[in-house]
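These are the residues of each chain, in order.
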Amino acid sequence: MSSNTNARQSWKVPASIISKRTSNPIRAIVDHIKVKPNVNKSMISLALGDPTLFGNFKIHQTCTDAVSKQLHSYKSNGYPPSTGYIHARQAVADKFTLPEAPLVAQDVIITSGCSGALDMCIGVLCNEGDNILLPRPGFSLYQTLADSKGVEVRYYDLLPENNWEMDLKQLESLIDERTATVVMNNPSNPCGSVFRKQHLLDFLAVCERNHLPVIADEIYCDLVFSGNEFFPLASLTTTVPVLAVGGLAKKYLVPGWRVGWIFIHDRNNIFNAEVREGLNSLSQLILGSNSLIQAALPDILHKTDPAFYDETRIQLEANAKLSTDILSKVPGLKVIVPQGAMYVMISINVAEFKDIENDIVFTEKLLGEESVMCLPGSVFQCPNFIRIVFTSPPEVLQDAYTRMAEFCARHHV
Ligand SMILES: Cc1ncc(COP(=O)(O)O)c(C=O)c1O
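Residues numbered from 1 in each chain as written. Predicted model: local features only at pLDDT ≥ 70, side-chain atom pairs only at ≥ 80, totals over all residues. Heavy atoms only, no water.

Taking an unreviewed UniProt entry as the reference, the protein is identified by name as Tyrosine aminotransferase belonging to Linnemannia elongata AG-77. Under the UniProt heading Pathway (unreviewed entry), the entry covering the protein gives this text: "Amino-acid degradation; L-phenylalanine degradation; acetoacetate and fumarate from L-phenylalanine: step 2/6." (UniProt positions renumbered as here; feature names shortened; annotations may be inferred.)

Structural data, given as structure tokens:
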């Protein structure tokens with residue numbers, strides 16, 4: 001039998017370059033932790049940013065009813081348009097439009113979670129070989145997406161001594177002619193910080209001077225604690241084009257439902273038809289998010305009792321306070337007081353410990369001795385910090401923090 005001499009001549013099937021350069025920095029570090037939890041103590045994980053894990057953060061009945069209604073209507077089982085059902089886009093636009101940052105249905109794209117939104121935003125603004133500015137510490141998916149697309153990552157620092165505000169001087173110094181965009185995240189994962197209005201205005205001034213479009217990750221919008229206020233970035237500028245991303249995952253406590261969105265804020269037509277068309281093309285790669293949840297969006301967004309949002313925030317704030325109150329008294333640790341979201345970053349003064357040389361060793365030993373798991377700051381490019389997710393029930397947090405305090409006391413010089 002003759003064979004095609006241009007074809008592959010043997011069964012050698014390598015994985016693609018894109019797949020090889022796609023990796024999750026969290027897995028790269030956490031998978032190397034070989035220490036096993038202490039079998040004599042129950043395991044407590046403070047590592048996962050999933051508010052559903054313990055059942056103490058309850059979703060609102062409106063959300064379950066809304067999805068159930070769609071399920072039983074048999075009308076939402078087909079393919080939605082790749083950018084989302086128009087009534088779902090309209091409902092999102094109506095919910096989030098502001099006089100200072102107006103939105104119509106055509107400015108909204110429904111995506112597969114906020115991760116899907118980030119993928120499309122980075123994909124539409126960056127070419128291979130361009131560079132992108134990312135926050136350090138920051139959500140690790142940004143780097144994963146950039147690496148996967150062959151986009152060079154340049155980190156700008158967030159300053160713990162300034163409530164994790166952006167180092168704008170350093171940020172500006174990183175920009176060159178191949179800088180395609182900057183990602184900012186407010187409120188922040190992993191920092192739990194909320195930016196002041198003036199700081200956002202200063203950031204926008206840098207973007208304006210350098211003609212830099214922004215990807216604003218606002219998935220934790222409104223999850224802010226007393227004394228802080230959330231300002232959507234797009235509401236503070238009429239000139240800088242902003243792709244803002246968000247979704248149901250955090251505010252509505254349903255990360256598994258995989259519905260997110262992109263808001264195209266472009267009052268001066270800088271993105272113009274090309275970027276909109278580009279987003280439309282990218283949405284066709286996976287044909288958007290699932291039909292049932294997007295069909296339920298009008299009810300979820302517009303019928304949920306406003307008290308639900310307050311209750312979630314109050315519950316989070318109480319946990320944030322409990323975390324700060326206990327951990328700030330532990331010698332060797334310094335808590336950077338959280339202002340929002342569901343995270344707190346804690347600095348470890350390694351000089352005060354006799355046998356803990358960095359955040360990874362701290363995390364490993366804490367797991368091995370106390371069965372308490374948190375993420376080392378290194379996974380967020382921020383060594384000698386640890387990140388704690390404070391969504392567990394208060395009694396679980398109390399238990400975990402007591403064990404951490406005992407652990408620190410044992411290892412303190
Ligand atoms: C800052 C930030 N952006 C985006 C996401 C992704 O959200 P989703 O679960 O909707 O993909 C997360 C999830 O933890 C996050 O912390």
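**Q** I'd like to hear about a nonpolar patch on the surface, residue by residue, with values.
**A** A surface patch of nonpolar side chains, amounting to about 290 Å² of accessible area, comprises Leu48, Leu53 and Phe54. Considering the arrangement of structural elements, one finds Leu53 in the loop between strand S1 (44-45) and helix H3 (61-73). Look at Leu53 and you get partly exposed, because its relative accessible area is 45%. (Patch = residues over 30% accessible without salt bridge, like charges linked within 9 Å, V, L, I, M, F, W, Y side chains within 5 Å. Areas by Shrake-Rupley, 256 points an atom, 1.4 Å probe, with all protein chains shown as cover. Salt bridge = Lys/Arg side-chain N within 4 Å of Asp/Glu carboxyl O. Helix = DSSP H or I, 4+ residues; strand = E, 2+ residues; numbered from the N terminus. Buried < 20%, exposed > 50% of the residue type's maximum accessible area, 1.4 Å probe, protein only.)

**Q** Would you mind going over the pairing of strand S2 (residues 108-112) in detail, with residue names and values included?
**A** Within S2, 4 of the 5 residues are buried, which leaves it mostly tucked inside the rest of the structure. Relative to strand S9 (residues 259-265), S2 is paired through 5 bridges, and the arrangement is antiparallel. Bridge pairing links Ile109 to Ile262 in S9. (Pairing = 2+ DSSP bridges.)

**Q** If you had to explain the pairing of strand S4 (residues 152-159) to someone new, which residues and values would you point to?
**A** Looking along a regular strand, one sees side chains alternate from face to face of the sheet. In this structure, strand S3 (residues 131-136) lies alongside S4, joined through 6 bridges in parallel fashion. Paired with Pro135 across the two strands is Tyr156, which belongs to S4. In the classification by handedness, the crossover that spans S3, the intervening helix H6 (residues 141-148) and the parallel S4 is right-handed. Pairing of S4 with strand S5 (residues 165-166), which is carried by 2 bridges, proceeds in the antiparallel orientation. Opposite Leu159, over in S5, you have Glu165 as the bridge partner. Where S4 hands over to S5, the hairpin turn is made up of 5 residues, of which Asn163 adopts a positive phi near 50°. (Right-handed = clockwise from strand over helix to strand, strands pointing away.)

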